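In case you want the letters, here they are:
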Amino acid sequence: MKSIFAALALAVLAGCTTTPTTPKYDTTYDAVGQSSRARFLVLHYTVANTPASIKILTQQQVSSHYLLTDEAQPKIYRLVDENRAAWHAGNSSWKNFTQLNNSSIGIEIVNAGWKDTPQGRVYAPFPQAQMDALLPLVKDIVARHGIAPENVLGHSDIAPLRKQDPGPQFPWQRLAQEGLVLWPDANRVAAVRPAFDALLPDVAWFQRKLATHGFGLVQSGTYDEATRTTLAAFQMKYRPRDISGVADAETAALLEVLTTPANTPPPVVQAALAPMAPTAPTAPMPAPMSTPTPMPTPTLPEPTPVLPVEPTPETAPAPATPVITTP
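Caption draft 1: Just the packing of helix α7 (residues 203-213) against helix α9 (residues 249-259), in detail. Between α7 and α9, the shortest axis-to-axis distance is 10 Å and the interhelical angle comes to 40°. As the angle between them shows, α7 and α9 are arranged oblique. Pair α7 / α9 crosses with left-handed handedness. Within the contact between the two elements, α7 uses Trp-205, Phe-206, Lys-209, Leu-210, Thr-212 and His-213 and α9 uses Thr-251, Ala-252, Leu-255, Glu-256, Leu-258 and Thr-259. Across the contact of α7 with α9, the residue classes tally to six nonpolar, four polar and two charged.

Here you go:
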């Protein structure tokens, strides 16, 4: 009898217990109004060798979706699923978006960064094999997510006051030749350059153009440290032979072409309203990427290994103001 009562009690208890079930979904329909959550692709360098990079990116809070090694036959490690946010961007902004962890795919590239020598600052090259492995990865990501060329960026684009990777040795123009990166038309640059050689615009013009291009730069109207550093970040991508941060005629021509539609008439430049720093002498062209080359020393953040960055939610579309933080 006792066993019968025990069985009945268990049956009653079982009837009172709610068994969790997995919801079932009907996937007959697929909405037209949708897009990928990834709007941006951000490229970094690690300032660490491959074993250290793997340890940092997998055992600390900082992470990236992919890690590209610098071996003779480079490996691509996927560390975070693309449907999830990796913590690689930190305090960041581009155009009307801030805190880009939630809206970007991050690729860390094993590279030593730079070091200062008696001959000047030397940036580590990116091996040809490493770039040959990177291009198909970038093509695949931007194709699947519909990422526009103007949103394929470096860490120095989205956080110029904190970061300077992937640096002036990174071959942005090669990516541009594949249609992966926004690039200024050389003929248009040559056509507008004489106007800026004749009369350099004031600092407020440079700040407006940098903001139009995408940088989160405070429009101070003065040639301050933030403006110089942001100009250097722009030059690292589009004029890497001279990354002094000086607001010169060539930089003005590049900004004009990148921020105005094709067939725009040559600019009419207003007289300078704020004093500008003297133009630095043009540095020689860097040697091929296989040879580390002394470069002019800009005002840039010190290179540091990838470090933990707590995730913060994305905010849009309020204009962003860069925040200087410790790496």
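Past the structure itself, the notes keep going.
Caption draft 2: Broad picture of helix α8 (residues 225-238). Compared with the 20 Å implied by 1.5 Å per residue over 14 residues, the 20 Å span of α8 between its first and last C-alpha is a close match. Here α8 lies mainly inside the structure; eleven of its 14 residues are buried. When we look at burial in α8, the residues that qualify are Thr-227, Thr-229, Thr-230, Leu-231, Ala-232, Ala-233, Phe-234, Gln-235, Met-236, Lys-237 and Tyr-238. Among the structural elements, β9 (152-154), α4 (155-158), α5 (172-177), α7 and α9 are those in contact with the buried residues of α8.

Caption draft 3: Spotlight on the packing of aromatic side chains. Taken as a whole and judged by the stated rule, the model has nine aromatic pairs. The interplanar angle of 75° and the centroid separation of 5.3 Å between the aromatic rings of Trp-94 and Phe-215 together place this pair among those described as edge-to-face. In this pair, Trp-94 sits in strand β4 (residues 93-94) while Phe-215 sits in the loop between α7 and α8, placing the two residues 121 residues apart along the sequence. Exposure remark for Trp-94: the relative accessible area of 2% places this residue in the buried category. Residues Phe-196 and Trp-205 carry aromatic rings whose centres are separated by 5.3 Å and whose planes lie at 50° to one another, so their mutual orientation is tilted. Look at Phe-196 and you get buried, because its relative accessible area is 1%. Each residue in the set Phe-126, Phe-170 and Trp-172 is aromatic and connected to the rest through ring pairs, giving one cluster. Over the ring of Trp-114 we find Arg-121; its NZ or CZ atom is 3.5 Å from the centre of that ring. In this arrangement the basic side chain of Lys-237 is found over the ring face of Trp-172, its NZ or CZ atom lying 4.4 Å from the centre.

Caption draft 4: Representation of the pairing of strand β8 (residues 120-123). Of the pairings in the sheet, the one linking strand β7 (residues 114-117) to β8 comprises four bridges and is antiparallel in character. Bridging from a neighbouring strand, Lys-115 pairs with Val-122 of β8. Between β7 and β8, which pair antiparallel one after the other, the connecting turn spans two residues.

Caption draft 5: Main features of unusual backbone geometry. A cis geometry characterises the amide bond from Asp-165 onward to Pro-166, with omega recorded as 10°. Relative to the assigned elements, Pro-166 resides in the loop between α4 and α5. The phi dihedral of Val-47 falls on the positive side, at around 55°, and the residue is not glycine. In this structure, Val-47 sits in the loop between β1 (40-45) and α2 (50-59). Owing to a relative accessible area of 19%, Val-47 belongs among the buried residues under this scheme. Its identity is not glycine, yet Gln-99 carries a phi of approximately 50°, on the positive side. Mapped onto the elements of the fold, Gln-99 is located in the loop between β5 (97-98) and β6 (104-109).

Caption draft 6: The arrangement of the sheet that holds β6 in detail. Here we have five strands laid out as an open sheet, ordered β3-β2-β6-β1-β9, and mixed in their pairing. The strands lining the two open edges of the sheet, one partner per strand, are β3 (76-78) and β9. The sheet shows a mean angle of 20° between the axes of neighbouring strands, direction not considered. Sheet analysis places strand β2 (residues 66-68) next to β6, joined by three bridges and oriented parallel. Looking at the pairing, Leu-67 lines up with Glu-108 of β6.

Caption draft 7: Local environment of the packing of helix α6 (residues 186-198) against α9. Interaxial distance between α6 and α9 falls to 8 Å at its minimum, and their mutual angle equals 130°. The orientation of α6 with respect to α9, classified from their angle, is oblique. In this structure, the crossing between α6 and α9 has a hand that is right-handed. Residue-level inspection shows Arg-188, Val-189, Val-192, Arg-193, Phe-196 and Asp-197 of α6 in contact with α9, the latter providing Ala-249, Glu-250, Ala-252, Ala-253, Leu-254, Glu-256 and Val-257. Tallied by class, residues from the contact of α6 with α9 come to eight nonpolar, no polar and five charged.

Caption draft 8: Expanded view of the nonpolar core. The biggest cluster of nonpolar side chains holds 63 residues, and the ones touching the most others in it are Leu-41, Ile-107 and Phe-170. In terms of residues, this core owes the most to one element, helix α3 (residues 128-145), which gives eight residues. Setting aside residues up to four positions removed in sequence, Phe-170 forms contacts with Leu-43, Ile-109, Phe-126, Met-131, Leu-134 and Leu-175. Judged by nonpolar contacts, the second largest core, of five residues, contains Ile-56, Val-62, Leu-67 and Val-110.

Conventions and cut-offs
- Sequence positions are assigned chain by chain, starting from 1 and proceeding in written order.
- Per-residue local features of the predicted model are confined to residues with pLDDT of at least 70, and side-chain atom pairs are confined, for both listing and counting, to 80 or more; whole-chain, interface and lining totals are unaffected and use all residues.
- For the side-chain quantities, the full set of heavy atoms in the structure was used; hydrogens and water were omitted.
- For every element, the axis is a line fit to its C-alpha atoms; helices are fit only across the contacting stretch, and the angle between N-to-C directions ranges from 0 to 180 degrees.
- Secondary structure is summarised from DSSP: a helix means a run of H or I of at least four residues, a strand means a run of E of at least two, and numbering begins at the N terminus for each.
- Small angles under 35 degrees read as roughly parallel and large ones over 145 as roughly antiparallel, with 65 to 115 read as roughly perpendicular and the rest as oblique.
- Handedness of a crossing follows from how the near helix is turned relative to the far one, being left-handed for an anticlockwise turn of less than a right angle and right-handed for a clockwise one.
- Contacts: residue pairs with any heavy atoms within 4.5 Å of one another.
- Polar here means any residue outside two lists: the nonpolar Ala, Val, Leu, Ile, Met, Phe, Trp, Tyr, Cys and Pro, and the charged Asp, Glu, Lys and Arg; Gly therefore counts as polar.
- To estimate how far a helix should extend, the number of its residues minus one is multiplied by 1.5 Å.
- Only protein chains enter the area calculation, which uses a 1.4 Å probe; residues under 20% of their type maximum are buried, those over 50% are exposed, and those in between are partly exposed.
- Classification of ring pairs uses Phe, Tyr and Trp, with its six-membered ring standing for Trp, and accepts pairs whose centres are within 6.5 Å; under 30 degrees between planes counts as stacked, over 60 as edge-to-face, and the remaining range as tilted.
- Consider the ring centre and the ring normal. A charge sits over the ring if Lys NZ or Arg CZ is within 6 Å of that centre and within 35 degrees of that normal.
- The pairing criterion for strands is at least two bridges between them, as found by DSSP.
- Throughout this description, the term nonpolar core refers to a set of buried Ala, Val, Leu, Ile, Met, Phe, Trp, Tyr and Cys residues connected via side-chain atoms within 4.5 Å.

It is worth stressing that arrangement in space is one thing and function is another; only the former is reported here.
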